[in-house]
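Each chain is listed here by its residues.
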Amino acid sequence: MNDMSKYVSSVVKSIPPSGIRKFFDLVSQTEGVISLGVGEPDFVTPWHIIEECFYSLERGYTMYTSNAGLPELREEIAAYQKRKIGVEYSPANEVLVTIGVSEAVDLALRVLLEPGDEVLVPEPCFVSYAPGAVLAYGKPVSVPTYDQDEYRLKPEILERYITPRSKVLVLAYPNNPTGGIMEAGDLQALVDIIKKHDLIVISDEIYCELTYEGKHASIASFPGMRDRTLVMNGFSKAYAMTGWRIGYVCGNKDFISAMHKVHQYTIMCAPIMSQKAAIEALRNGETEMLKMVADYNNRRKIILKGLSEIGLDCFEPKGAFYCFPSIKISGMGSEEFCEKLLMEEQVAVIPGNAFGSVGEGFVRCCYAASISNLENAIEKMGNFLRRHRVA
Amino acid sequence: MDLEKKILTLIENDAKMSIKTIATILDMEESRVAEILAKLEKDKVILGYSTIIDWDKIGVDGVTAMIDVKLTPEREVGFNRTAERICRFPEVRCVYLMSGTYDLSVIVEGKTMKDVAWFVSHKLSTLDQVQSTVTHFVLKRYKEDNFVFEEPQQDKRLVVSP
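Model, not experiment: these values are computed from the prediction.

> Break down the overall build of chain B for me, citing the residues and quoting the values.
Within chain B one finds five helices and six strands. Counted from the first residue to the last, chain B has its helices and strands arranged as α-α-α-β-α-β-β-α-β-β-β. In terms of C-alpha radius of gyration, chain B reaches 21 Å, well past the compact-globule figure of 15 Å for 162 residues. For chain B, the spread of C-alpha atoms along the three principal axes comes to 65 × 40 × 25 Å. Within the span of chain B, comprising 162 residues, buried residues form 14% of the whole. In chain B, the proportion of contacts linking residues at least 24 apart, taken out of those at least 6 apart, comes to 55%.

Dropping the structure here:
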């Protein structure tokens, strides 16, 4: 077979393969794994949402929708954002329905960046912001956050990484992989810096409903921030709808119309059946969603207590469904720890450095798993640490 | 009271949840959880702990029937005395007073159809207050007490995802 890789663009080649991918191959070859390595709910989508999708298909809703998404869905989204973060968006031209938050992030970076513009990415964070910036010919700049700060982005640290080329700041709270949140006071401390340096904020709020203590706040709700913030959200986490690939972005109409342009040529529109399901989720999904959130909170308490009993230090995550303990006492690096834990105890957790180099020395444990699986995993991790503890 | 409700909600669908787990979730001492559980049992708020079993799966045959019963109510006690009498039969699993065209719904379990038929003809329909019975045999159980039989419950998620 010919080596065709020379035809692949240098930009794409410059992106390193995902650290999670490598680990995925390893886990897939192992039998009987208890996986705390997933990034999605363990619930199936609530039945009333699935059923509404069936009904829409039966009635023949199988066609394109307007590029921006069904008007009813955009109206429900605008109403939801008003309730949730207290910011008003016009359903007509300030809401765009996308293929998950992932597409929204990609669109925003493509629309905002000139070649060489810098994107400030607080890490550890979800894996796609930095590659997204590279693909849009921008330059990702990692901004570290630390466990002693409960992974909040601190203004004095942010300022150190700002240059004249800084254009976009990513804020993703509640955070994957740490479970950290930023409350109103924490965000307030960033507002002046954002304005002073004329930054645009990509606010990925996909985990906002999964806030167990404190109250979710959006940077868009602060005076003067609405127009310089793109609020992104979706249905994957709160409504257990990851496979439906449905999300949205709200923001100033100039940004939304630019994103709309890219979206119409690349995606056309989000699938109509997912849009129909999303309408049902926003109209009638709250009760089941809150039940799932209560269940995650129960499990959060179990895993936190378990981790502390086996000697792994972990700050208390107040959002999402992850915790991010330090593995310092094992004396191992993140990847070595995860590989050995998988081989010896068949428990899968994700190396923290997959979410940025500042995550080295930590692992991500997802607690969207049954209580018995969590308890078994903790017991096995405890056995592992008894053998490997150095400190 | 609030704590009692929280504990009951946790064990409603998982009677085997350990005291330690309950204590962790509710941020309480284990001894306090044990105390509350003991009190709930003593007060008969918790009547017992049963197991939902798919007997078919291990080849144990059985028959369940739902019987609609029409009763003649009695002065002062209404349907209660007869209902309580029916409850005493060991083959009776559930007894409900119903609105609508009949009065009691009685769920009966037996080893064979003959067992159930014998119970209805000899024990139930011969009670003085029983005017009539209609017996429906259960053909297949799909869901019971929140649990779905034959549900493909394995986790379909990728083992690792970002």
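Read on, since the account is not over.
> Tell me about the domain arrangement of chain B, and please be specific about residues and values.
Here chain B is partitioned into domain 1 (2-42) and domain 2 (55-141). One C-alpha centre belongs to domain 1 of chain B, the other to domain 2 of chain B, and the line joining them spans 34 Å.

> Let's hear about the interface of chain B and chain A: which residues, and what values?
Residue-level contacts link eleven residues of chain B with 21 residues of chain A. Tallied by class, the residues present in the side of chain B that touches chain A amount to five nonpolar, three polar and three charged.

> Which residues make up the sheet that holds strand 1 (residues 63-71) of chain B, and what values do they have?
Residue and element names in this part refer to chain B. Spatial strand order, 2-3-1-4: four strands in an open sheet with antiparallel pairing. Of all strands in the sheet, those with a lone pairing partner are strand 2 (92-97) and strand 4 (130-137), marking the two edges. Mean inter-strand twist for the sheet, computed between neighbouring axes without regard to direction, equals 20°. In the sheet, strand 1 pairs with strand 4 via seven bridges, with the strands oriented antiparallel. Across the sheet, the residue bridging to Ala65 is Phe137, located in strand 4. Sitting on the sheet, helix 4 (residues 80-87) touches strand 1, strand 2 and strand 3 (104-110), and the angle it makes with strand 2 is about 165°. Across the sheet, helix 5 (residues 113-124) is in contact with strand 1, strand 3 and strand 4; its angle to strand 1 comes to roughly 20°.

> Just give me the short version of the pairing of strand 5 (residues 166-171) of chain A, but keep the residues and values in it.
Regular strands show a simple pattern: their side chains alternate between the two faces of the sheet. Residues and elements named next belong to chain A. Here strand 5 lies mainly inside the structure; five of its six residues are buried. Relative to strand 5, strand 3 (residues 118-123) is paired through three bridges, and the arrangement is parallel. Bridge assignment links Leu120 to a residue of strand 5, and that residue is Leu169. Alignment of strand 5 against strand 6 (residues 200-204), held across four bridges, turns out to be parallel. Among the inter-strand pairings, Leu171 is bridged to a residue of strand 6, identified as Ser203. Following the chain from strand 5 across helix 8 (residues 184-196) to the adjacent parallel strand 6, one finds a crossover that is right-handed.

Calculation criteria
Residues numbered from 1 in each chain as written. Chains lettered and ligands numbered in written order. Predicted model: local features only at pLDDT ≥ 70, side-chain atom pairs only at ≥ 80, totals over all residues. Helix = DSSP H or I, 4+ residues; strand = E, 2+ residues; numbered from the N terminus. Rg over C-alpha atoms; globule rule 2.2 N^0.38 Å. Buried ≥ 20, exposed ≤ 12 C-beta atoms within 10 Å, placed from the backbone. Contact = placed C-beta atoms within 7 Å. Domains from an automatic or database assignment. Nonpolar A, V, L, I, M, F, W, Y, C, P; charged D, E, K, R; others polar. Pairing = 2+ DSSP bridges. Axes fitted to C-alpha atoms, helices over the stretch in contact; angles between N-to-C directions. Right-handed = clockwise from strand over helix to strand, strands pointing away.

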